[in-house]
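Report on the structure
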Number of protein chains: 2
Amino acid sequence: MKCRKCGGVAVINMRHHRLALCADHFVEWFISYTQRAIERYRMFGSDDQLLVAVSGGKDSLALWDVLSRLGYRVDGMYVGLGIDGDDGYSAASQAKAEAFAEARGLTLHVVDVKQTYGESIPELAQMTRRGRKPCALCGLVKRHIMNRVAYEGGYDAIATGHNLDDEAAVLMQNTLRWQTGYLARQAPVLPSTHPRLARKVKPFVRLYERETAAYAIVRGIDYIYDECPHAVGSTTIFYKGLLNQLESRSLGAKLSFYLSFLQAKREGLFSEPGEALELNDCQRCGQPTTAPELCAFCRLWVRRIDKG
Amino acid sequence: MKCRKCGGVAVINMRHHRLALCADHFVEWFISYTQRAIERYRMFGSDDQLLVAVSGGKDSLALWDVLSRLGYRVDGMYVGLGIDGDDGYSAASQAKAEAFAEARGLTLHVVDVKQTYGESIPELAQMTRRGRKPCALCGLVKRHIMNRVAYEGGYDAIATGHNLDDEAAVLMQNTLRWQTGYLARQAPVLPSTHPRLARKVKPFVRLYERETAAYAIVRGIDYIYDECPHAVGSTTIFYKGLLNQLESRSLGAKLSFYLSFLQAKREGLFSEPGEALELNDCQRCGQPTTAPELCAFCRLWVRRIDKG
């Protein structure tokens, strides 16, 4: 297979784009494709100060790499969840994130949940979730910390490495139950609705997982290959499997599913404004919340203190 | 496994309803469940004259059986498509439909496409579709004939045997491309928009294919087991496979997908009225059409005459 640009040996064939490219031209294409998504969805400009949520995996490190190569002012943030299990998942992923930052002279903020708040995610989950998966809890904690770090550091937007496969799986999950509220909020950009809640952006929404992985490999990025041990058997992974079957049958099906959804939204689907939520300041941390006194994050810890 | 009603031997376990039933109680439940759907979606009343579109398969014969047992005034209509291939599919299915009607003293209208219009579906497809699947063409022809027979016979509604698996597969297909126009029109009842277009109703929309099959078997209905040979490898069958995987992972997923879609529609999703289509009378057959002169059905035959 030959590179369409130079005739050299192609390292990837993106059949949905009818585009095979060599390593150099793939990197060039990947960066430019990301920049076009940033512009198309008006994610941010060159004056914005960006914070990338870094897990140590291929997507977030590739994103940090691309954004810094594009010349954006971008720092990283790693949240230490204390998910260690047999593989030392958190310790290993933190090491990858730190090595990446150090080698490139980039700034990485590290917030360790246990050191900062007193308990790791598994410890917290054990007390509050009674053996259920800690994923919802983990998401809540990470969102809170990301918003706090972005606010305290004066960042304009938080960028996450969600790729097309991630977005399509969530879209399928929301669609199968017609959760119109979630569908209304699923987008490449979530605008800030409060001074303490940074804008969220996903520059990789149009890139297949296979493409972000190829970018990380071609660029020699050393990332953590394992999924979080709690993700095993997750609904998201199941939906990704269904979507892969669809893609095998119909080339470009994932991209078409996601892009036609965005198109339908632009044409007014799900545009029902709903009632604007009334936001209060959490009495403990100051972040906005729909609850009257404490936000969901602070309620977690206060419950713990009560029980302790 | 025991029947929940009488403790006898259950013939079916509907796990999504947590309901196992013996043959007699399953038949009783199935009929009553259908009647509840007829009422819930306001499909028709006891004064209406109904026409069931009968293919000779389990769904349409089960529907005819149920509607006549419920005391509705219901005749059948069979369209002879001339799809014979190796298995004599059309001839065999017509025989099943005729035997069913005769044994029960029911009235069956038979319209043979080749005898009435000059060519069978495969012949017509060969000329107009150049080897492509004739399914779209076949749908167009059947809709035309159903509307004609219903209009000429003074029927109030056309009932079809579409079950939940059929509807969920179409819903998935439309959703994966966010075809909002099709989604807006997908419903258990399609009201009549013109005196020559009968209301369309689908009393089995909430019944799994497995349940309609069980009903046909338990009631001793002799139906044609084979699918239409053109359906092999179809997109619908592929989506049914995906939905079966979903159902295996999450009990009731198909029903929830379809019912939450209807719920979202009731809450206003897809309610964008769009422009009312201007309908003209076809100059050849009189059926309403959005085209200025001939409807799509008549254009098929006029093209043929021109070519011939």
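Look above for the structure.
Residues numbered from 1 in each chain as written. Chains lettered and ligands numbered in written order. Predicted model: local features only at pLDDT ≥ 70, side-chain atom pairs only at ≥ 80, totals over all residues. Heavy atoms only, no water.

**Overview of the sheet that holds strand β4 (residues 73–80) of chain B**
Residue and element names in this part refer to chain B.
- Pairing in this open sheet of 6 strands is mixed, and the strands run β5-β4-β3-β6-β8-β7 from one edge to the other. Taken across any chain shown, the strands that pair with only one partner, and hence form the sheet edges, are β5 (108–112) and β7 (189–190).
- Both strand β6 (residues 157–159) and strand β8 (residues 199–201) contribute to a ladder of 3 bridges, which runs parallel. Counterpart to A157 in the pairing with β8 is R199.
- Across the sheet, helix α2 (residues 58–69) is in contact with β3 (49–53), β4, β5 and β6; its angle to β3 comes to roughly 160°.
- Sheet contacts for helix α3 (residues 89–104): β4 and β5; angle to β5, the most-contacted strand, approximately 160°. (Pairing = 2+ DSSP bridges. Helix = DSSP H or I, 4+ residues; strand = E, 2+ residues; numbered from the N terminus. Contact = heavy atoms within 4.5 Å. Axes fitted to C-alpha atoms, helices over the stretch in contact; angles between N-to-C directions.)

**Describing the sheet that holds strand β6 (residues 157–159) of chain A**
All names here are of chain A.
- Spatial ordering of the open sheet is given by β5-β4-β3-β6-β8-β7, a layout of 6 strands whose pairing is mixed. Both outer strands of the open sheet, β5 (108–112) and β7 (189–190), are each paired with one neighbouring strand and no more.
- As judged from the 2 bridges shared by β7 and strand β8 (residues 199–201), these two strands associate in the antiparallel manner. Residue pairing for β8: L190 is matched across the bridge by K200.
- The strands touched by helix α2 (residues 58–69) are β3 (49–53), β4 (73–80), β5 and β6; relative to β3, the strand with the most contacts, the crossing angle is about 160°.
- Those strands touched by helix α3 (residues 89–104) are β4 and β5, and its axis lies near 160° from that of β5.

**Some remarks on the relation of the copies chain A and chain B**
- Of the two same-sequence chains, chain A is brought onto chain B (RMSD 0.0 Å, axial shift 0.0 Å) by a rotation of 180°. As the rotation angle and translation indicate, the two copies are arranged about a two-fold axis.
- Taken as a fraction of all interface residues of chain A, those also at the interface in chain B reach 100%, which identifies the copy contact as same-surface. (Least-squares fit on C-alpha atoms with pLDDT ≥ 70 in both.)

**Topic: the interface of chain A and chain B**
- Chain A puts 24 residues into the contact, and the matching count from chain B is 24 residues.
- Both faces considered, chain A and chain B share a buried interface measuring about 2300 Å² in area, 67% of it formed by carbon and sulfur atoms.
- Per-residue buried area on chain A facing chain B is highest for L176, W178 and R249 of chain A; these three make up 31% of the total on that side.
- In this structure, the connection of chain A to chain B is made through 7 residue pairs in polar contact (both at pLDDT 80 or more).
- Counting only elements with at least two residues in the side of chain A that touches chain B, the list comes to α7 (164–176), α10 (235–249) and α11 (253–266) of chain A.
- With 7 residues, the single largest contributor to the side of chain A that touches chain B is α10 of chain A. (Buried area = accessible area lost by both parts, 1.4 Å probe. Polar contact = N/O pair within 3.5 Å; in protein donor to acceptor, adjacent residues only side chain to side chain.)

**Focus on α10 of chain A**
- Under the 1.5 Å per step criterion, the end-to-end length of α10 of chain A is 22 Å for 15 residues, consistent within 8% with the ideal 21 Å.
- Among the residues of α10 of chain A, those classed as buried are F238, Y239, K240, L242, L243, L246 and E247 of chain A.
- In this fold, the buried residues of α10 of chain A make contact with α7, α9 (209–218) and α11 of chain A together with α7 (164–176) and α10 (235–249) of chain B. (Expected span 1.5 Å × (residues − 1). Buried < 20%, exposed > 50% of the residue type's maximum accessible area, 1.4 Å probe, protein only.)

**Some details on the pairing of β3 of chain B**
All names here are of chain B.
- Summarising burial for β3: 5 of the 5 residues are buried, a large majority.
- As paired strands, β3 and β4 are joined by 5 bridges and run parallel to one another. Bridging from a neighbouring strand, L51 pairs with D75 of β4.
- Read from β3 through α2 to β4, the crossover connection turns out right-handed.
- Note: β3 against β6, 3 bridges, orientation parallel. By the bridge assignment for β6, L51 is matched with I158. (Right-handed = clockwise from strand over helix to strand, strands pointing away.)

**Let's talk about the packing of helix α5 (residues 121–128) of chain B against helix α6 (residues 135–153) of chain B**
All names here are of chain B.
- Running from N to C, α5 and α6 point in directions that differ by 125°, and their axes come no closer than 10 Å. One finds that α5 runs oblique with respect to α6. Between α5 and α6 lies a crossing whose hand is right-handed. Residues I121, L124, A125 and T128 of α5 touch α6, and the partners they reach there are L137, C138 and V141.
- The class makeup of the residues in the contact of α5 with α6 is 6 nonpolar, 1 polar and no charged. (Parallel < 35°, antiparallel > 145°, perpendicular 65-115°, else oblique. Left-handed = near helix turned anticlockwise from the far one by under 90°. Nonpolar A, V, L, I, M, F, W, Y, C, P; charged D, E, K, R; others polar.)

**Regarding unusual backbone geometry**
- Although it is not a glycine, W178 of chain A adopts a positive phi angle of roughly 50°.
- Considering the arrangement of structural elements, one finds W178 of chain A in the loop between α7 and α8 (180–185).
- Even without a glycine there, the phi angle at R42 of chain B is positive, about 50°.
- As for its placement among the helices and strands, R42 of chain B is situated in the loop between α1 (23–40) and β3.

**Digging into the pattern of salt bridges**
All names here are of chain B.
- Scanning all chains against the criterion turns up 22 salt bridges over all chains.
- Residue K58 pairs with D59 through a salt bridge whose shortest N-O separation is 3.0 Å.
- A salt bridge links D165 to K254; the nearest nitrogen and oxygen atoms lie 2.6 Å apart. In this pair, D165 is assigned in helix α7 and K254 in helix α11 (residues 253–266), connecting sequence segments 89 residues apart. Accessibility assignment for this pair places D165 and K254 in one class, buried. (Salt bridge = Lys/Arg side-chain N within 4 Å of Asp/Glu carboxyl O.)

**Notes on the layout of surface pockets**
All names here are of chain A.
- Reported here for the second largest pocket is a volume of approximately 360 Å³.
- Around the second largest pocket, the lining comprises 17 residues; the ones closest to its centre are Y208, R210, N244, E247 and K254.
- Elements represented by at least two residues in the lining of the second largest pocket include exactly α9 and α10.
- Broken down by element, the residue count for the lining of the second largest pocket peaks at 7 residues, all from α10.
- Classifying every residue of the lining of the second largest pocket gives 3 nonpolar, 5 polar and 9 charged. (1 Å grid on protein atoms, 1.4 Å probe; cavity = no way out; pocket = protein on both sides within 12 Å on 5 of 7 lines; lining within 4 Å. Points joined across faces, edges and corners; volume = space filled by probe spheres on them.)

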